[in-house]
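Chain by chain, the residues run as shown.
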Amino acid sequence: MKILFQNKYFDYFITFFVVCQITGDRLINNCRLFWPNNFDSINFLTWEYSAKIGLIPIKDNNFPYGLLSYFKDVNIFAAFFDFLFTPLLFTGYLFIFKKIYNNSYYAYFSTGALLLFIVYITGFDVFNRYGILPLFAGIISYIFYSSNKILSKRIYLSIGIGIGLLIFLIIDQAIYASLIFILLLITFSYVHLQHKKLKESLKTTSANLSFFFIGCTIGFLPFLIYLLKLNALIQFMQFFSYLSDLTFLAKAPFINSISTPDNLFLLVIGIVSIIYSSYIIIFKKDTLTANRYFLISLVYSYLLLQQKSIIRSIAPQITFLGLLLFFSLFYELKLFLEKQEMNRSILYAYFVNLVVAITFIIGLTPFGPAALYTWTSDNDCFQKNIEQQIAQDPTYKEVKDNISSGKIFSFPSSPFFYILYNQKPPMYLSTYEASPKYAQQNLIQYIQKQKIDWVIYDYVNTELLDGVPDYIRATILHQYIINNFSIQKAVGRFLIFKYNSSKKDFFKDPMLNKFPTLRQELTDVNLAAIPSSEGYYKVTLLKNKKPVMSNFLIKNFNSNLASNKMLSTNTILTIWIKKTNKKQLTISINTEDGLETKVHFASCKEKNPCIINLSRLPIFYQVRQLKEISDENNVITKVSLYKITEDSRFW
Amino acid sequence: MKMNKAIAKSLSFAVLIASFLLLDYIFFPPLLSQKIILIALFLLYSYPLIILFISLKKNLYFFIEILLLFFLLTIFTIFFQQIYANWPPAVINNSGIVGSVQYYGYPFYFDTIIFFIIALHPIITFILIKLIEQKRKKFRL
């Protein structure tokens, strides 16, 4: 026992053991009960189901979190490694704190504070994902610090191999890790730069980067072989392209969430850290300590993750990064106060005060796990999840009772139905992810290949996320459903559509009259800022085109419409308006067969028109003859119709 | 510069009072209103930082930087509506993606650019200060 206590790695064993105890339920309890009626939780449940039925990530679905997370519910080695991740991370943090702070007590206090914060605020699932980057940054900064200018090529190669291997385990963090490494290499090359040896330094840095990239390629090879074996290399490249498109579809205004305690905390501590580390690099680069190297690496981690949070707020998930920055800044303060002979106990009391205040007082949002860990026999786990979802929302069972046979497709979301019907889910589980044209085409192909008989259409929750109507997000998919399926009946908030081989006109179907809210939704369309954005960016595409019809007066335009039998196929409506204070405008479009649609949109500027692609409006999913356009606000100065091609760049 | 022993003692005193107030806030019905406790805690926690700031040799640099930061924040706050109105809306790209920003016309890079101006301006500020300092030294020589 005495030998154990005297072992220099004893504190690492204790940390590892304690964290294993705290997270032990994730190993012992083999079943995850996902929260019912939660968009993210149901997606995770569906992905777990996909793993169980043998679907491959990237090839069969767009699971973005890496192979480890995907297979942990179906593979015992993945589950065990996933369980070990958390204690390994904490042990890693203790290791780096001890090296950087050069003070065991401060390292222990910091590790304890971090554990407290993760338990109460961040959660282990999130920490397993985002905790890797700051730890990696810390290790790299310490390597640069301790090597004092020269790192061997072998180290660059090894780091590259490590990151390459990380790609298939946790994709996004591997990309960030490689960016961090490059930034740190450039920064610390500058720090060690001697003016007379600038060219030599640049040459060395470039050579080092090359070894790093060679290492990444070598590390990536096992994953490449895995992809080739599964014939999924092309899908992987498409997946990468999709990840960049994900930025465009996920982006939400950051300004709206800036005043939350999580964002304020991150912004304040981030800016203070940037100010201090900029000062250090520019004025004090000869006095860089290990902690200052660590602070710089944490600032880069902060900038990368904060940039992700600006796309779509993940502030509650990365507040622990603010805590790590706090540890580093407080250490600098501690050194100063120690020089002023301040009592050490008081210093640690001050530290504990601030940690408790950050964790419990300032109002940070606890980010809970997506599921509750519980024990059950493996076969029961899924059944328990199904029962829990149905208990929360009995409509699922009612729909199941109404559709006893045949294959289903769920619009816009509700992927739980694929589990209920024991059916292979599509590549994209909701319209939110399927906004790109190629994704919508993929879902249409799924409907065709699977020979889908029924579409389960949620006509009550028409805006899945961010207040964007789902049929606006995925107009091509929605058009396909409306043109090929007909309403049969309603079950709660769902309409059951049946495949309609005779391609009945949806808007002439008497069944639609029984659902006035749906009729209203599809004929009273709000395009918001889309027409003005299209006009702003794409009016130049019309410069060399001649309009098929154009007039400065609506009355004359409508007379021409009547006489020219204008069809809605591949037609865009271009509207110029006079200066107005009105923020929203409305036009009505009537067709020869007696249908009418109202279109509301944000006002466009005088010098750019509003452009509306008629085939994006639900009543024009089928070809109709235009009869009349009404200017409800009396602001239109010119209206034109243009014919475009099928693959046009207009929305 | 070594602090006065009295100041070092007062720092210790501040931390002790803050500890009691924190315990009161968390565990007991507050003797004072919660808002007053929070303000008191904020002042007490800031006290060592203020002492540090005053003691720094180059505190003028930080002072200039903090002033510039507040200036930038004030400018953005006052002119936010004008900047937002004149910024181009998000484009619907060739993939036809319609998300929140494309639907509401929110400028895509608006947040990112403002954030990085605020986050990275200290580097530019300190570089400029260093260059001015170096020129002054050369001029004196």
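The coordinates are above.
Remember, predicted model here, so these are calculated numbers, not experimental data.

Bringing the overall build of chain A into the picture now. When you go through chain A residue by residue, the secondary structure sums to 26 helices and 14 strands. Reported as C-alpha extents along the three principal axes, the dimensions of chain A are approximately 95 × 65 × 50 Å. Taking all 651 residues of chain A together, the buried fraction comes to 57%. Surface exposure of chain A reaches about 27900 Å², of which carbon and sulfur atoms provide 58%. Computed over 63 positive and 42 negative side-chain charges, the separation of the two mean positions in chain A equals 9 Å.

All names here are of chain A. Across the interface, helix α15 (residues 290–311) lies against helix α16 (residues 315–339) with an axial gap of 10 Å and an inter-helix angle of 160°. Taken together, α15 and α16 sit at an angle that is classed as roughly antiparallel. Considering the relative orientation of α15 and α16, their crossing is left-handed. In this structure, α15 uses N291, R292, F294, L295, L298, V299, S301, Y302, L305, Q306 and S309 to contact α16, whose residues at the interface are A315, I318, L321, L324, L325, S328, L329, Y331 and E332. For the contact of α15 with α16, the per-class residue count stands at 13 nonpolar, five polar and two charged.

One turn of an α-helix holds 3.6 residues; hence residues three or four places apart share an orientation. Spanning 31 residues, helix α6 (residues 110–140) of chain B covers 44 Å between terminal C-alpha atoms, matching the ideal 45 Å at 1.5 Å per step. Within α6(B), the axis deviates most sharply at B:L120, by approximately 40°, and proline B:P122 lies no more than four positions further along. All buried positions along α6(B) are accounted for by B:F110, B:D111, B:T112, B:I114, B:F115, B:I118, B:A119, B:H121, B:P122, B:T125, B:F126 and B:I129. Tucked inside the fold, the buried residues of α6(B) contact α14 (261–283) and α15 of chain A together with α3 (59–78) and α4 (80–86) of chain B.

Residues and elements named next belong to chain A. Burial along strand β1 (residues 31–34) is two-sided: the face carrying C31 and L33 and the face carrying R32 and F34 are both buried. Relative to strand β2 (residues 371–374), β1 runs antiparallel, the two being bridged by four bridges. Within β2, the position partnered with R32 by the bridge is Y373.

Quick look at the state of the cysteines now. Residue and element names in this part refer to chain A. Following the criterion strictly, the structure yields two disulfides over all chains and no others. Covalently, C31 is tied to C381 through a disulfide, its sulfur atoms 2.1 Å apart. Between C31 and C381, the S-S torsion sits near 85°, and that sign places the bridge as right-handed. Of this pair, C31 sits in strand β1 while C381 is found in helix α18 (residues 378–392), placing the two residues 350 residues apart along the sequence. Comparing C31 with C381, the two get one shared label, buried. At a sulfur-sulfur separation of 1.8 Å, the disulfide partner of C604 is C610. Handedness here is read from the sign of the S-S torsion; for C604 and C610, about -120°, the answer is left-handed. Judged by its relative accessible area of 8%, C604 falls in the buried class. Given the relative accessible area of 0%, C610 is considered buried.

Let us now look at the interface of chain B and chain A. One frequent convention defines the size of an interface as the accessible area lost when the parts assemble. Of the residues lining the interface, 63 residues belong to chain B; the matching set on chain A comes to 62 residues. Summing both sides of the interface, chain B and chain A together bury roughly 5500 Å²; the carbon and sulfur share of this comes to 72%. Along the contact surface separating chain B from chain A lie one salt bridge. Close ionic contact of B:D111 with A:K251 constitutes a salt bridge, the shortest N to O distance being 2.6 Å. Put simply, chain B and chain A have 17 residue pairs in polar contact (both at pLDDT 80 or more) between them. Going through the elements one at a time, α1 (5–27), α2 (34–55), α3, α4, α5 (100–104) and α6 of chain B are the ones with two or more residues in the side of chain B that touches chain A. The leading source of residues in the side of chain B that touches chain A is α6(B), at 15 residues. Here the residues of the side of chain B that touches chain A are counted per class, giving 44 nonpolar, twelve polar and seven charged.

Next up on the list: the sheet that holds strand β4 (residues 454–458) of chain A. Residues and elements named next belong to chain A. The strand order β3-β4-β6-β5 describes an open sheet built from four strands, whose pairing is mixed. Single-partner strands in this sheet number two, and they are β3 (408–411) and β5 (485–491). Averaged over all pairs of adjacent strands, the angle between strand axes in this sheet comes to 25°, irrespective of strand direction. Summarising the sheet, β4 and strand β6 (residues 494–499) pair through five bridges and their orientation is antiparallel. Within β6, the position partnered with I456 by the bridge is I496.

So, on to the packing of aromatic side chains. How two aromatic rings sit relative to each other is set out by the distance from centre to centre and by the angle between their planes. Residue and element names in this part refer to chain B. One pass over the structure, following the stated rule, counts 81 aromatic pairs over all chains. Centroid distance Y84 to F110: 5.8 Å. Interplanar angle 70°. Geometry classified as edge-to-face. Taken together, the residues Y84 in helix α4 and F110 in helix α6 connect sequence positions 26 residues apart. Residue Y84 is classed as partly exposed on the basis of its relative accessible area, which comes to 27%. Each ring, one from Y106 and one from F110, has its centre 6.0 Å from the other, and the planes form 85°; the classification is edge-to-face. On the accessibility criterion, F110 (0% relative accessible area) is buried.

What follows covers the environment of A:N38. Residue and element names in this part refer to chain A. Looking at the secondary structure, you find N38 in the loop between β1 and α4 (39–52). Among the residues examined, N38 registers a relative accessible area of 32% and is labelled partly exposed. For the pair formed by N38 and Q389, sequence separation is 351 residues and the distance between their alpha carbons is 9.9 Å.

Glancing now at the nonpolar core. All names here are of chain A. Core analysis: the largest hydrophobic core is formed by 145 residues, its most contacted members being F97, L114, F144, Y302, L324, F326 and F327. Counting residues per element, this core draws most heavily on α16, which supplies 15 residues. Residues in contact with L114, not counting those within four places in the same chain, are F90, Y93, F127, L323, L324 and F327. Counting 98 residues, the second-largest nonpolar core is a separate cluster that includes I476, F485, L495 and Y621.

By the criterion of burial, helix α23 (residues 475–484) of chain A is predominantly enclosed, with ten of the ten residues buried. Turning to α23(A), its buried residues number three or more, namely A:T475, A:I476, A:L477, A:H478, A:Q479, A:Y480, A:I481, A:I482, A:N483 and A:N484.

Let us now look at the pattern of salt bridges. Two side chains that carry opposite charge are able to pair once their charged atoms sit near each other. All names here are of chain A. Applying the stated rule across the entire model yields 21 salt bridges over all chains. R32 is the partner of E48 in a salt bridge, and the nearest nitrogen-oxygen pair spans 3.7 Å. Of the two residues, E48 sits in helix α4 while R32 sits in strand β1, which places them 16 residues apart along the sequence. Comparing E48 with R32 shows no difference in burial state: the two are buried. Of the charged contacts in the structure, one is a salt bridge between D466 and R312, with a shortest N-O distance of 2.9 Å. A residue pair is termed long-range when its members are at least 10 positions apart, and D466 in the loop between β4 and α22 (470–473) and R312 in the loop between α15 and α16 qualify at 154 residues.

The rules behind each value
- Residues numbered from 1 in each chain as written.
- Chains lettered and ligands numbered in written order.
- Predicted model: local features only at pLDDT ≥ 70, side-chain atom pairs only at ≥ 80, totals over all residues.
- Heavy atoms only, no water.
- Helix = DSSP H or I, 4+ residues; strand = E, 2+ residues; numbered from the N terminus.
- Buried < 20%, exposed > 50% of the residue type's maximum accessible area, 1.4 Å probe, protein only.
- Areas by Shrake-Rupley, 256 points an atom, 1.4 Å probe, with all protein chains shown as cover.
- Lys, Arg positive; Asp, Glu negative; His and termini not counted.
- Charge placed at Lys NZ, Arg CZ, Asp CG, Glu CD.
- Axes fitted to C-alpha atoms, helices over the stretch in contact; angles between N-to-C directions.
- Parallel < 35°, antiparallel > 145°, perpendicular 65-115°, else oblique.
- Left-handed = near helix turned anticlockwise from the far one by under 90°.
- Contact = heavy atoms within 4.5 Å.
- Nonpolar A, V, L, I, M, F, W, Y, C, P; charged D, E, K, R; others polar.
- Expected span 1.5 Å × (residues − 1).
- Bend = angle between axes of the 7 residues up to and from the residue.
- Pairing = 2+ DSSP bridges.
- Disulfide = S-S within 2.5 Å.
- Buried area = accessible area lost by both parts, 1.4 Å probe.
- Salt bridge = Lys/Arg side-chain N within 4 Å of Asp/Glu carboxyl O.
- Polar contact = N/O pair within 3.5 Å; in protein donor to acceptor, adjacent residues only side chain to side chain.
- Phe/Tyr/Trp six-rings, centres within 6.5 Å; stacked < 30°, edge-to-face > 60°.
- Core = buried A, V, L, I, M, F, W, Y, C linked by side-chain atoms within 4.5 Å.

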